[in-house]
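Next come the chains, spelled out residue by residue.
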Amino acid sequence: MPVVTRIAPSPTGDPHVGTAYVALFNYAYAKRHGGRFVLRVEDTDRARYVAAAEARIIDVLRWLGLPPDEGPGIGGDHGPYRQSERLAIYREHIDRLLAEGHAYRAFETADELDAMRLEQQRRGIDPGYDGRGRELDPAEQRRRAEAGEPHVVRLRTPDEGHTTFHDLLRGDVSVPNAEIRDAVLLKSDGYPTYHLANVIDDHLMGISHVVRAEEWVVSTPLHVLLYRAFGWTPPVFAHLPLLRNPDANKTKISKRKMDTSAESYRAQGILPEALVNFLATMGWSMPDGREVFTLEAFVAAFDLERVSLGGPVFDLKRLRNLNARYLREVLSLEAVGARLAPWLVERGHDPSDEDYLLDVVDVLRPRAETLAELAEQADYFYVERVTYDADARRRLAAGQSYLEDLEREFSRLEFFDDDAIDDLLHDYVQRQAVPLGKVLMPLRVALTGTSQAPAVVDLVAIMGRGRTLTRLGQALQAIQEGLPDDDPERLKAEAEAAAKAAAAKGKRRPPMPAERS
Ligand code: GLU
């Protein structure tokens, strides 16, 4: 039997990292076995439906390198892939269950169901539908339905015995049938419930392995009863562990505690390779213990039965570290340059000079963990002029004479390369008899506007003579301008002076009216 896996997200908002996680494991299992990976959109909950969500899920899957083989807008032999477009199929199957006596129409009103629940509470028994509609004669059910009386359709579940299913990761899971209530399959608005649509679609789409999150374990016995009612063989089930917050209680990841939107990691400049690699370590480890590996390597090694259930922690720090390793060690300079270029364009820069871009990446990538940080730091390599804040201006002013000298020396330097720049700076500090740092700091600030920048020789060499001299000119001009108007120290000094003047004035005797004229 061919391996066919799927994800079946409900389009209710931001694509969740949990969806990306489940997609990755489904994708890997299908690809490992030469099978297909299907995207089905479970959009029957119209109250929570968000129109753009489907396109965003597909976009995230493509970004991560996990494109579905079948799905809405993608095609395939088992469509439509949106449940809202399959209502006739569900209707047909419900008719079959009704005709064969596996399901019945139930007409209890909301008030009646409330009263039933209250009575159950009073008697201290578990709340849930008690099957009271089962006995209504099928002909009577049909007559009332045809007369337009609101109703749902429920599955007739057994009262005795157990329902057992085998979970690839958890072993046999068994539930007393008395605990499985006659669940609603078709709602009064004619829409199927999750259970009905999910089971019918998994069967008709030929899904061989249902690999989904742990929270669906409790629904599975009901699904198994449904498969039996239809006379179908259930797929293989595997319920993946839930991702956890890195807090003490290791609670399920939630929007309140952390960022759960897959898109937001993209917006932060996390690389898709790094996010995939990170998610692949949630409940899984490579047989050879490698921590950094490609999607291809994961697919080649993946084995569902080796997934461990010990509550994998979604640790952001680890994700950022892994991302940094991709930027620094795994991807080539050219690859990082290509990823960075759109970010630079976004910031209004022109990254078309490839040699320059690669030099910039080379010198900055040891200092950044994300593409966003890399792009931000690359600013000073691309802007026409950097801005000097008060701290920068103070540092520039302290090194004014060095900057003036270096402007002259750099303009005369014959070969403008690393070695020549390095020699020049060393000669210069020797002649001046000053420590190197005293010269390098104002020079670094002049070139970048900040004191937190890479080695100065690298900066000068990459920027080249033209940019270096322009920056030095701008820095010297900034020294002439002095401290900015909003400099806190300047404002403080001015306030103190004003206070002093006011105090001095207060001490003076006010002039006598007669003296004024
Ligand atoms: N629509 C369900 C969800 O949103 C699908 C669960 C399943 O995979 O069966 O997660």
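Being a predicted model, the structure only gives us computed values, none of them experimental. Residue positions within a chain follow its written sequence, with the count starting from 1. It should be noted that, the model being predicted, local features are given only for residues of pLDDT at least 70 and side-chain atom pairs only at 80 or more, the latter also being counted only at that level, while totals for whole chains, interfaces and linings use all residues. Where side-chain values are given, they derive from all heavy atoms of the structure, hydrogens and water being excluded.

### Let's talk about the site of the ligand
Worth spelling out the cut-off: Whether a residue is near a molecule or strand depends on its heavy atoms: if one lies within 4 Å, it is near. Whenever two N or O atoms come within 3.5 Å, that pair is a polar contact, provided that in protein one can donate a hydrogen and the other can accept it, and provided that, for residues adjacent in sequence, both atoms are side-chain atoms. Exposure was quantified through the Shrake-Rupley algorithm and a 1.4 Å probe, taking into account, for residues, occlusion by the shown protein chains and nothing else. In this analysis, the protein atoms alone were mapped onto a 1 Å grid. Cavities are point sets where a 1.4 Å probe fits without being able to get out; pockets are open sets with protein on both sides within 12 Å along at least five of seven lines; lining residues have an atom within 4 Å of a point. Cavity and pocket membership follows a simple rule, namely that a molecule belongs there if more than half of its atoms are within 2 Å of the grid points.
The environment of the ligand is made up of R6, A8, S10, E42, Y194, N198, R212 and W216. Interatomic distance of 3.1 Å between a side-chain N/O atom of N198 and an oxygen atom of the ligand. In isolation the ligand exposes 290 Å². Once the protein is present, 82% of that is buried. With respect to the detected pockets, the ligand is housed in the largest pocket.

### Regarding the layout of surface pockets
Short version of the rule: Grid points are joined across faces, edges and corners, and a volume is the space filled by probe spheres set on the points. Throughout, the ten residues Ala, Val, Leu, Ile, Met, Phe, Trp, Tyr, Cys and Pro are labelled nonpolar, Asp, Glu, Lys and Arg are labelled charged, and all others, Gly among them, are labelled polar. Numbering goes from the N terminus for both helices and strands, where a helix is a DSSP run of H or I of at least four residues and a strand is a run of E of at least two.
Considering only enclosed or pocket space, the largest pocket measures out at about 1,200 Å³ in volume. Here the lining of the largest pocket is built from residues that sort into 18 nonpolar, 13 polar and eleven charged. What lines the second largest pocket is a set of 16 residues, and nearest its centre among them are E179, I180, R181, V218 and L222. Breaking the lining of the second largest pocket down by element, the ones donating at least two residues are β6 (171-176) and α7 (220-230).

### Quick notes on empty space enclosed by the protein
Scanning all chains against the criterion turns up one cavity of 30 Å³ or more. Lining the largest cavity are P15, H16, T19, A20, I57, V60, L61 and A262. Secondary structure elements with two or more residues in the lining of the largest cavity: α1 (17-32) and α2 (53-64). The leading source of residues in the lining of the largest cavity is α2, at three residues. Classifying every residue of the lining of the largest cavity gives six nonpolar, two polar and no charged.

### A look at the environment of E305
Quick note on the threshold: Relative accessibility decides the category of a residue: with a 1.4 Å probe and only protein chains considered, values under 20% of the type maximum give buried, values over 50% give exposed, and everything between is partly exposed. Here a residue-residue contact requires only that any non-hydrogen atoms of the pair lie within 4.5 Å.
Mapped onto the elements of the fold, E305 is located in the loop between α10 (295-301) and α11 (316-330). The class of E305 is exposed, set by a relative accessible area of 56%. Expressed as a C-alpha distance, the spacing of E305 and A498, which sit 193 residues apart in the sequence, is 76 Å. Ignoring any residue separated from it by four or fewer positions in sequence, one finds E305 in contact with L168 and L169.

### Examining the side chain of N198
Mapped onto the fold, N198 is located in helix α6 (residues 194-204). Among the residues examined, N198 registers a relative accessible area of 2% and is labelled buried.

### Structural notes on the packing of aromatic side chains
Our working definition: Under the pairing criterion, centres of Phe, Tyr and Trp rings, with the six-membered ring standing for Trp, must be within 6.5 Å; the plane angle then separates stacked pairs below 30 degrees from edge-to-face pairs above 60, leaving the rest tilted.
For the coordinates displayed, the defined rule picks out 19 aromatic pairs. Pairing F25 with F298 gives two aromatic rings, centres 5.6 Å apart and planes at 55 degrees, and the pair type is tilted. Of this pair, F25 sits in helix α1 while F298 sits in helix α10, and the two are 273 residues apart along the sequence. A single burial state applies to F25 and to F298, both of which are buried.

### What about helix α16 (residues 400-412)?
The condition is simple: Given a helix with a known number of residues, its expected span is that number minus one, times 1.5 Å.
In this model, α16 (13 residues) spans 19 Å end to end at C-alpha, consistent with the 18 Å of a helix rising 1.5 Å per residue. On its buried face, α16 is in contact with α15 (390-398), α17 (418-432), α18 (436-448) and α19 (456-481).

### Re the pattern of salt bridges
This is how it is decided: Any Lys or Arg side-chain nitrogen found within 4 Å of a carboxyl oxygen on Asp or Glu counts as a salt bridge.
For the structure on display, the rule yields 35 salt bridges. Of the charged contacts, one joins D202 and R6 as a salt bridge, the two residues approaching to 2.9 Å between their closest N and O atoms. Pair noted here: D202 is in helix α6 and R6 is in strand β1 (residues 4-7), with a separation of 196 residues, a long-range link. Of the two residues, D202 and R6, neither departs from the other in class, the shared state being buried. With its nearest N and O atoms 3.7 Å apart, the salt bridge here joins K252 to E215. Pair noted here: K252 is in the loop between β9 (236-240) and α8 (262-267) and E215 is in the loop between β8 (209-213) and α7, with a separation of 37 residues, a long-range link. Judged by relative accessible area, which is 42%, K252 ranks as partly exposed.

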